[in-house]
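A closer look at the structure
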Amino acid sequence: MANSDRRTVALALAACVAFAALLGAAAADDGATGAGDGTLPPGDSAPPTVFTRLADAGEADDHEGSDHVIVYERSVNRVKETGVTYTDDYTLYKVLTPAACRNMSVQRWRYEPWSSFIHVREVNVIRGDERIPVDVSNVHDLPAPQSAIYWNARVQTLQLPRLQVNDGIEIVAFRKGYSYALLDDAAGTAGTGSGGEAAGSAGAADAGDAPDDEKYIPPMPGEYFDIVRFSASVPIIEQRYEVVIPSTKRLHSETYNGPLYASTSYTADSTRYAWWALDVPARPSETRQASSSDDAPKVVLATVESWESKSRWFFDVNEGQFEVTPAVQAKVDEIFEEAGLTNASEEEKADALVHWVAQNIRYSGQTMGEGEGFTLHSGEMIFEQRSGVCKDIAGMLITMMRAAGMDSYGAMTMAGSRIDLVPADQFNHCVCALRKGDGSFEMYDPTWVPYYNEIWSKYETEQQYLVGTAEGEPLASIDYSPAEESPLRITHRATLAADGALAGTFRFEAGGVMDTRLRRIVRASRIADTGYDMARLISSMSQAVEVLRFDHPAPDDFSQMMWIEIEYRIPEFALPVGDALEFASPMMTVTLASGWLFRAGATHWADERETDLFLWFTQLIDGTETIRLPGGFEVADPPSSEEVDETYAYFKGESEMDGRDLVVRQRAEVRRRQIPPDGYAGFKKAIDEAQDWGAKAYRAETGGER
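Below is a summary of the structure that appears in this document. Note on numbering: residues in each chain are counted from 1, in written sequence order. Per-residue local features of the predicted model are confined to residues with pLDDT of at least 70, and side-chain atom pairs are confined, for both listing and counting, to 80 or more; whole-chain, interface and lining totals are unaffected and use all residues. Based on all heavy atoms of the structure, the side-chain values leave hydrogens and waters out of the count.

Moving on, we come to the pattern of salt bridges. Salt bridges are defined by distance alone: a side-chain nitrogen of Lys or Arg within 4 Å of a carboxyl oxygen of Asp or Glu. According to the stated counting rule, one finds 44 salt bridges in the structure shown. Of the charged contacts in the structure, one is a salt bridge between Asp645 and Arg671, with a shortest N-O distance of 2.8 Å. Highlighted residues: Asp645 in strand β33 (residues 644-645) and Arg671 in the loop between β35 (661-670) and β36 (674-675), separated in sequence by 26 residues. For Lys684, the salt bridge goes to Asp688, with nearest N and O atoms at 2.7 Å. Pair noted here: Lys684 and Asp688 are both in helix α13 (residues 677-694), with a separation of 4 residues, about one helical turn. Here the term buried applies to any residue with accessible area under 20% of the maximum for its type, exposed to any over 50%, and partly exposed to those in between, with areas from a 1.4 Å probe on protein chains only. Accessibility expressed as a relative area gives 11% for Lys684, which makes it buried. Note on conventions: DSSP H or I runs of at least 4 residues are helices, E runs of at least 2 residues are strands, and numbering of each starts at the N terminus.

Now for the packing of aromatic side chains. Ring pairs are drawn from Phe, Tyr and Trp, using the six-membered ring of Trp, whenever the two centres fall within 6.5 Å, and their geometry is named by plane angle: stacked under 30 degrees, edge-to-face over 60, tilted for the rest. Enumeration according to the criterion identifies 21 aromatic pairs in this entry. Measuring from centroid to centroid gives 6.1 Å for Trp313 and Phe314, while their planes differ by 45°, and the two rings are tilted. Accessibility expressed as a relative area gives 11% for Trp313, which makes it buried. Exposure remark for Phe314: the relative accessible area of 2% places this residue in the buried category. Between the aromatic rings of Tyr409 and Phe441, the centroid separation amounts to 6.1 Å while the plane-to-plane angle is 85°, which identifies the pairing as edge-to-face. With Tyr409 in strand β19 (residues 408-413) and Phe441 in strand β21 (residues 441-444), this residue pair connects regions lying 32 residues apart in the sequence. Only lysine NZ and arginine CZ atoms are considered, and such an atom sits over a ring when it is within 6 Å of the ring centre and within 35 degrees of the ring normal. The side chain of Lys298 reaches across the aromatic face of Tyr256, ending 5.6 Å from its centre. In this structure, Arg386 packs its charged tip against the face of Phe383, placed 4.4 Å from the ring centre.

Here we take up α13. Taking 1.5 Å per residue, 18 residues should reach 26 Å; α13 reaches 26 Å between its end C-alpha atoms and fits that length. Residues of α13 that are buried include every one of Gly679, Tyr680, Gly682, Phe683, Lys684, Ala686, Ile687, Glu689, Ala690, Trp693 and Gly694, and no others. Here the expected span of a helix is defined as 1.5 Å times the quantity of residues minus one.

Below, the discussion takes up the sheet that holds β19. Pairing between strands is defined by DSSP: at least two bridges between the two strands are required. Strand order in the open sheet formed by 5 strands is β21-β20-β19-β22-β23, with antiparallel pairing between adjacent strands. Because the sheet does not close on itself, it has two edges, and the strands there are β21 and β23 (476-477). As defined by bridge partners, strand β22 (residues 464-467) adjoins β23 across 2 bridges and the pair is classed as antiparallel. Paired with Tyr465 across the bridge in β23 is Ala476. Note on contacts: a residue pair qualifies if any of its non-hydrogen atoms lie within 4.5 Å across the two residues. Angles here are taken between N-to-C directions and fall from 0 to 180 degrees, while the axes themselves are lines fitted to C-alpha atoms, restricted in helices to the stretch in contact. Most of the contacts of helix α5 (residues 307-318) go to β19, to which it runs at about 125°, and overall it touches β19, β20 (429-435) and β22. Of the strands in this sheet, β19, β20 and β21 touch helix α9 (residues 390-403), which is tilted by about 15° from β20.

Turning our attention to the pairing of strand β5 (residues 130-134). Summarising the sheet, strand β4 (residues 116-127) and β5 pair through 5 bridges and their orientation is antiparallel. Each bridged residue has a counterpart across the sheet, and for Arg127 the counterpart in β5 is Glu130. Linkage of β4 to β5, two consecutive antiparallel strands, is achieved through a turn of 2 residues, within which Gly128 is found at a positive phi near 65°.

Here, nonpolar core refers to any group of buried Ala, Val, Leu, Ile, Met, Phe, Trp, Tyr and Cys residues whose side-chain atoms link them within 4.5 Å. Met400, Met443, Phe508, Phe583 and Phe683 are the most contacted members of the largest nonpolar core, which has 125 residues in total. With 9 residues, α9 is the largest single contributor of residues to this core. Ignoring anything within four residues of it in the chain, the contact list for Phe583 reads Leu496, Phe573, Ala574, Ile627, Leu629, Leu662, Lys696, Ala697, Tyr698 and Ala700. Core analysis: the next-biggest nonpolar cluster, separate from the first, contains 36 residues, Cys101, Met104, Ile169 and Tyr273 among them.

Glancing now at unusual backbone geometry. Despite not being glycine, Tyr451 has its phi angle at roughly 55°, a positive value. Tracing the backbone shows Tyr451 in the loop between β21 and β22. Unlike most non-glycine residues, Trp616 shows phi in positive territory, near 80°. Mapped onto the elements of the fold, Trp616 is located in the loop between β30 (613-614) and β31 (619-628).

Checked against the element boundaries, Thr611 lands in the loop between α12 (586-593) and β30. Overall, the relative accessible area of 5% leaves Thr611 in the buried class. When near neighbours in sequence (up to four residues on either side) are disregarded, Thr611 contacts Pro284, Glu286, Gln289, Asp295 and Pro677.

A grouping of Glu59, Asp61, Asp62 and Glu64 is seen on the molecular surface, where their side chains present a negatively charged patch. By the element assignment, Glu64 lies in the loop between α2 (50-56) and β1 (68-79). The exposure class assigned to Glu64 is exposed, which follows from its relative accessible area of 79%. Patch rule: a residue counts if its relative accessible area is over 30% and it has no salt bridge; like charges are joined within 9 Å, and nonpolar side chains (Val, Leu, Ile, Met, Phe, Trp, Tyr) within 5 Å. Values of accessible area rely on a 1.4 Å probe in the Shrake-Rupley scheme; residue burial ignores everything except the protein chains shown. When charges are counted, neither His nor the chain ends are considered; positive counts come from Lys and Arg and negative counts from Asp and Glu. Taken as the charge centre is NZ of Lys, CZ of Arg, CG of Asp or CD of Glu, depending on the residue.

So, in structure tokens, the structure goes:
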């Protein structure tokens with residue numbers, strides 16, 4: 001027998017043994033005994049069974065707010081020399097409420113057929129001391145719901161018998177293939193054995209009609225990675241993750257965001273690593289929450305040698321995709337000629353190209369062939385089809401930059417979450433890197449800058465990235481962006497009549513993130529509806545607002561920063577109270593009512609917080625309001641707010657009379673896009689002060705007397 005045949009047989013036998021152990025250890029319905037007569041030493045307990053695990057898991061009163069609980073989850077991943085992974089999963093849920101009886105009545109397993117295969121081997125409903133088998137021949141393999149990205153992902157579903165409160169659901173399944181982060185969702189949840197509410201696997205000994213391993217060799221042949229989160233939206237009693245790799249491979253691993261148990265063991269041919277967690281509470285659901293990858297306990301592991309090695313691989317696998325065709329070259333020359341940039345600087349030309357690609361390549365991912373998810377499609381293909389996902393849009397820019405003689409490369413990044421130091425595929429996004437004369441890289445993201453007057457979105461600051469080059473690059477990071485780089489400057493001039501009518505003009509001027517937010521207010525409107533949307537933007541002052549005039553640049557005019565000007569009138573704006581008029585600041589009312597203008601200020605925040613607050617961007621609000629009062633009217637003792645100057649946020653409001661004019665000023669700053677729980681109180685204090693200031697009532701009286 002050949003060595004390869006022996007290895008195949010040995011792997012199959014090991015999988016059989018492992019599956020038997022997995023099912024026996026977790027799902028056996030007979031308790032083990034200690035001494036020969038069946039007794040146990042005082043204080044000892046028999047190894048757990050499926051029945052004792054469910055009994056010990058408690059009931060609804062023990063898990064307030066949770067409809068079910070993950071009682072036990074075990075994932076065993078066996079990595080072959082090729083990098084193909086066989087995964088045996090065992091999952092045991094307990095149903096706690098009638099809502100869970102409904103919500104868990106259909107089990108689902110999502111997968112991508114080009115990267116993985118899944119076979120549901122066994123499903124049982126555990127009721128009392130009875131195991132009720134569910135016929136897994138009724139598993140349906142269906143197209144998964146998709147939008148924007150149509151890569152033929154699939155979902156397997158299984159209808160369970162009618163569930164009862166305190167039932168257990170036991171699932172054994174088998175999966176083989178590989179993980180690749182760009183194949184996963186935008187939150188970057190990757191990993192064959194990721195913790196959470198996924199159901200599991202079947203025995204490798206009975207893998208159904210799984211295709212040959214050749215189909216599932218990973219993009220980096222022979223390499224393995226995983227990102228395993230020990231967290232879910234419901235409590236977890238016990239979660240285990242194990243990986244068995246050939247002794248010829250070396251594994252980088254690190255735990256983050258909290259302690260985990262761990263062990264390592266060896267055989268002559270393999271190394272087994274295990275991590276597990278006990279009694280993990282449900283991850284709280286909070287407003288504007290960061291990715292669980294940033295705060296949930298997790299393990300990141302990879303066999304790849306270094307970030308430089310991954311950089312070289314990404315370069316090699318994609319370098320053939322940027323050939324400059326005559327059609328692409330002609331379009332690049334045309335763009336420069338029409339913009340008067342034929343003899344312009346590289347920076348000016350690159351700016352023109354990133355905006356052309358951003359505005360002309362539609363985000364829509366169709367399956368275009370082998371390598372979907374990690375190979376950038378050719379510039380020729382994307383130029384012809386004018387659509388693709390982030391990697392294709394980036395590839396189009398790389399190709400066009402090369403047509404212009406620029407030294408451009410593909411790069412991977414993680415939008416919305418951090419990348420940790422282990423060189424695993426912690427990526428969900430693809431961008432373009434332009435190498436400058438000094439060897440440094442300038443980053444361009446055409447996917448995130450449609451209707452944006454910059455080359456890199458400030459939604460993506462403090463974000464790590466990896467450029468693919470022949471030499472190999474280390475992991476790098478985008479700089480922090482202070483609040484002043486995303487300003488919204490508000491000027492409001494108005495006249496208040498003696499009958500309470502208000503007429504005035506708002507002018508909003510923006511930069512950075514706020515530039516694109518103003519552009520998208522305009523772009524989101526049909527031309528015929530723009531006046532209505534302008535009225536809606538300021539309608540928090542009064543539902544009776546009437547827009548008399550509005551103006552703004554074209555949303556795709558990148559020669560200037562975006563501004564919007566709105567002239568309006570409101571009858572009966574101020575409330576007559578005796579001989580006085582009472583009103584709130586129109587500027588503060590509008591600012592604090594619109595999430596587009598002031599995301600943090602327009603949100604109601606809880607008093608306390610357990611997880612990171614994630615706002616995506618920093619922001620400065622700088623506003624001045626001048627209201628001409630009727631003759632003989634004056635606001636006595638105009639108020640000022642407390643100045644709140646905290647680490648992560650700032651607010652100060654003030655007002656004064658200047659002749660007949662009431663002048664109101666505000667300055668608000670959100671100083672970090674991600675705020676940890678220990679900084680939340682200071683942030684909330686500043687926002688509370690802004691909201692309190694916005695609620696101040698002004699009383700204009702004749703003669704300045706109350």
